[in-house]
Amino acid sequence: MIHADGLQLINFSSNDYLGLSNHPMVVQAAQDALAQHGLGSGASRLVSGDAPVFHELEHALAEWKGYEAALLVGSGTLANIGLLHAIAGRHDVLFTDRLIHASLVDGARLSTAKVKRFPHRDVGALENILRSTQAHRRIIVTDGVFSMDGDIAPLSELMHLAMEYDALLIVDDAHGTGTMPDPRGACAMAGLSGSDRLVEIGTFGKAFGGYGAFILGSQPFIDGLRQRLRTMIYSTALPCAIAQAMLVALGLIREGTLTARLQRNIETFRRCSEGLPVTASPTAIQPVILGEDTRALAMAEKLRKKGFFVPAIRPPTVPEGTSRLRITLSSLHDTEEIAHLLEAIRTCLHE
Ligand SMILES: *Cc1c(COP(=O)(O)O)cnc(C)c1O
């Protein structure tokens, strides 16, 4: 539920995919830690802001995701901007999918590396660019699950190219983490976790129901970042209460029932959405493509009147002519709510 303009609307717009932001155990863990440690960390981790719980959480995340090491960062946006800036310089080339998250685009700009974009999920086009590009270091950059389309990067093929062209592969799996049939996300589903050519980013802002982010990689890579990641070094450490709560959230995700419930809702949505202009997204992000932005806005407004909060997404967030409703499913929805939403969309499309 979401409150807007005095209305109670069923929320189909949140990235809190597992309802963990309000889970009693997560909230309790944060409250206990607040009582013990207070709110702010007071300084960067490199000064006096470090705490044992950050290291405990890093170890737990690395072990769960199948990497040697992890590094906590203030947010996914800070992770992406800092990461590309830290590892790429002007003799390097970043090969980026056209639909990567805005924070990766900004990180690429800040890095001073040359950027070569390839068409969305087009492995053939990427190979052509890789073949014809000389670089000191090649870095392929993609989302795992794409935030506006809900489709999944062809990670096995991308890793294949990374090996063939001696490149590093960076995967931002903000939306895959906690939501996919293997809750560890897209890299684990592709069997790639822990490869020394792979760096993965995850955030606590989505399925973890919190705030903050983490970078996963080999031990030497993460050790290097601890010295070079300016968005971590020059930024106040996360509140301990968040880290403590995210440890509990991780335990709940690992237990598996919440993700299984979300997966059932995704199946229900896909089964019941036949005939609608939905893409074949296999994830919790289900776009309904409407074309003109006026059409998407009008549809969002009509749905609001029927009791559903579904945002219209327009350019420049998505390409011109692909304005859409971006529906996100959560483990908290039930079959009836999903069926009612789809019925409402059908009705509005025919009006
Ligand atoms: C949300 C998101 C981010 C940003 O993460 P925050 O923790 O919200 O800053 C980065 N990348 C992708 C793909 C995202 O969806």
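Our subject is the structure that appears above.
Quick notes on the rules
- Residues numbered from 1 in each chain as written.
- Predicted model: local features only at pLDDT ≥ 70, side-chain atom pairs only at ≥ 80, totals over all residues.
- Heavy atoms only, no water.
- Pairing = 2+ DSSP bridges.
- Helix = DSSP H or I, 4+ residues; strand = E, 2+ residues; numbered from the N terminus.
- Contact = heavy atoms within 4.5 Å.
- Axes fitted to C-alpha atoms, helices over the stretch in contact; angles between N-to-C directions.
- Near = heavy atom within 4 Å.
- Polar contact = N/O pair within 3.5 Å; in protein donor to acceptor, adjacent residues only side chain to side chain.
- Areas by Shrake-Rupley, 256 points an atom, 1.4 Å probe, with all protein chains shown as cover.
- Nonpolar A, V, L, I, M, F, W, Y, C, P; charged D, E, K, R; others polar.
- Phe/Tyr/Trp six-rings, centres within 6.5 Å; stacked < 30°, edge-to-face > 60°.
- Buried < 20%, exposed > 50% of the residue type's maximum accessible area, 1.4 Å probe, protein only.
- Core = buried A, V, L, I, M, F, W, Y, C linked by side-chain atoms within 4.5 Å.
- Arc of directions from axis to C-beta.
- Expected span 1.5 Å × (residues − 1).
- Salt bridge = Lys/Arg side-chain N within 4 Å of Asp/Glu carboxyl O.

Caption draft 1: Here's a closer look at the sheet that holds strand E10 (residues 285–291). Pairing is antiparallel across the open sheet formed by 3 strands, whose spatial order is E10-E13-E12. A strand with exactly one partner marks an edge of an open sheet, and here the two such strands are E10 and strand E12 (312–313). Across 6 bridges, the pairing between E10 and strand E13 (residues 323–328) is antiparallel. Bridge pairing links Pro287 to Arg326 in E13. On the sheet, helix H13 (residues 293–305) packs against E10, E12 and E13 and is oriented at approximately 40° with respect to E13.

Caption draft 2: Main features of the site of the ligand. Around the ligand, the surrounding shell holds 14 residues, and the nearest of these are Gly76, Thr77, Asp172, His175 and Lys206. Within the side chain of His101, one N or O atom sits 3.5 Å away from a nitrogen atom of the ligand. Between Lys206 and the ligand, the recorded distance is 2.7 Å, taken from a side-chain N or O atom to an oxygen atom. The protein chains hide 87% of the 380 Å² of surface that the ligand would expose on its own. The class makeup of the residues in the shell around the ligand is 1 nonpolar, 10 polar and 3 charged.

Caption draft 3: Representation of the packing of aromatic side chains within the structure. Enumeration over the complete set of coordinates arrives at 5 aromatic pairs. When the ring of Trp64 is compared with that of Phe208, the centres are 6.3 Å apart and the planes differ by 80°; the resulting orientation is edge-to-face. Here Trp64 is found in helix H3 (residues 52–65), whereas its partner Phe208 is found in the loop between strand E8 (198–203) and strand E9 (213–217), with 144 residues between them in sequence. Phe208 carries the same exposure label as Trp64, and that label is buried. On the basis of an interplanar angle of 70° and a centroid distance of 5.1 Å, the ring pair of Phe204 and Phe208 is categorised as edge-to-face. On the accessibility criterion, Phe208 (0% relative accessible area) is buried. The structure contains a cluster of three or more aromatic residues connected by ring pairs, namely Trp64, Phe204, Phe208 and Phe214.

Caption draft 4: Layout of the nonpolar core. Phe12, Phe54, Leu61, Ile140, Phe208, Leu303 and Ile327 are the most contacted members of the largest nonpolar core, which totals 82 residues. Among the elements that line this core, the one with the most residues is helix H11 (residues 240–255), at 9 residues. Setting aside its immediate chain neighbours within four residues, Ile327 contacts Phe12, Phe269, Ala284, Ile285, Gln286, Val288, Val310, Leu341 and Ile345. Residues Ile87, Ala108, Leu168 and Met232 belong to the second largest nonpolar core, which totals 28 residues.

Caption draft 5: Examining the sheet that holds strand E4 (residues 93–97) more closely. Across the sheet, which stays open at both edges, the 7 strands sit in the order E3-E9-E8-E7-E6-E4-E5 with mixed pairing between neighbours. With one partner strand each, in any of the chains shown, strand E3 (69–73) and strand E5 (114–118) form the two edges of the open sheet. Pairs of neighbouring strands in the sheet enclose a mean axial angle of 20°, with direction left out of account. Pairing geometry for strand E6 (residues 138–143) and strand E7 (residues 167–172), over 6 bridges, is parallel. From the neighbouring strand, Ile140 faces E7, where its bridge partner is Leu169. Of the strands in this sheet, E3, E8 and E9 touch H3, which is tilted by about 130° from E3. Here helix H6 (residues 123–131) sits on the sheet and contacts E4, E5 and E6; the angle it forms with E5, its principal contact strand, is near 150°.

Caption draft 6: Spotlight on helix H9 (residues 219–228). Where H9 is concerned, the buried positions are Phe221, Ile222 and Leu225. Buried residues of H9, viewed axially, fall in a sector of 90°; they line one side. In this structure, H9 carries Pro220 and Gln227 as exposed residues pointing more than 90 degrees from its buried face. Summarising the contacts, the buried residues of H9 are in contact with E3, helix H4 (76–87), E7, E8, E9 and helix H10 (230–233).

Caption draft 7: Main features of the side chain of Ser75. If you trace the backbone, Ser75 turns up in the loop between E3 and H4. For Ser75, the side chain forms a polar contact with the main-chain nitrogen of Leu78, separated by 3.1 Å. The residues contacting Ser75, other than those within four sequence positions of it, are Tyr211, Gly212 and Ala213.

Caption draft 8: Layout of H3. The end-to-end C-alpha distance of H3, which contains 14 residues, comes to 20 Å, matching closely the 20 Å that a straight helix rising 1.5 Å per residue would cover. Within the sequence span of H3, burial applies to Val53, Phe54, Leu57, Glu58, Ala60, Leu61, Ala62, Trp64 and Lys65. If you follow the buried residues of H3, they end up packed against helix H2 (45–49), E3, E8, E9, H9 and H11. Looking one or two residues past H3, Gly66 carries a phi angle of roughly 85°, positive in sign.

Caption draft 9: View of the environment of Gly185. For Gly185, the location among the structural elements is in the loop between E7 and helix H8 (186–189). Gly185 sits in the buried class, given a relative accessible area of 0%. For Gly185 and Asp173, which are 12 residues apart along the polypeptide, the C-alpha to C-alpha distance reads 6.9 Å. When sequence neighbours within four positions are dropped, the list of residues in contact with Gly185 reads Asp173, Gly176, Thr177 and Met180.

Caption draft 10: Main features of the pattern of salt bridges. Using the criterion set out here, one finds 12 salt bridges in the structure. Put simply, Asp106 and Arg109 hold a salt bridge, and the shortest N to O gap is 3.3 Å. One end of the pair is Asp106 and the other is Arg109, both in helix H5 (residues 102–111) and 3 residues apart, which spans about a single turn. For Asp106, a relative accessible area of 35% gives the class partly exposed. For Asp182, the salt bridge is made with Arg184, and the minimal N-O distance between the two is 2.7 Å. According to the relative accessible area criterion, Asp182 is buried, its value standing at 18%. We classify Arg184 as partly exposed; its relative accessible area is 29%. A single network of salt bridges, built from pairs that share partners, joins Arg45, Asp50, Glu58 and Arg226.

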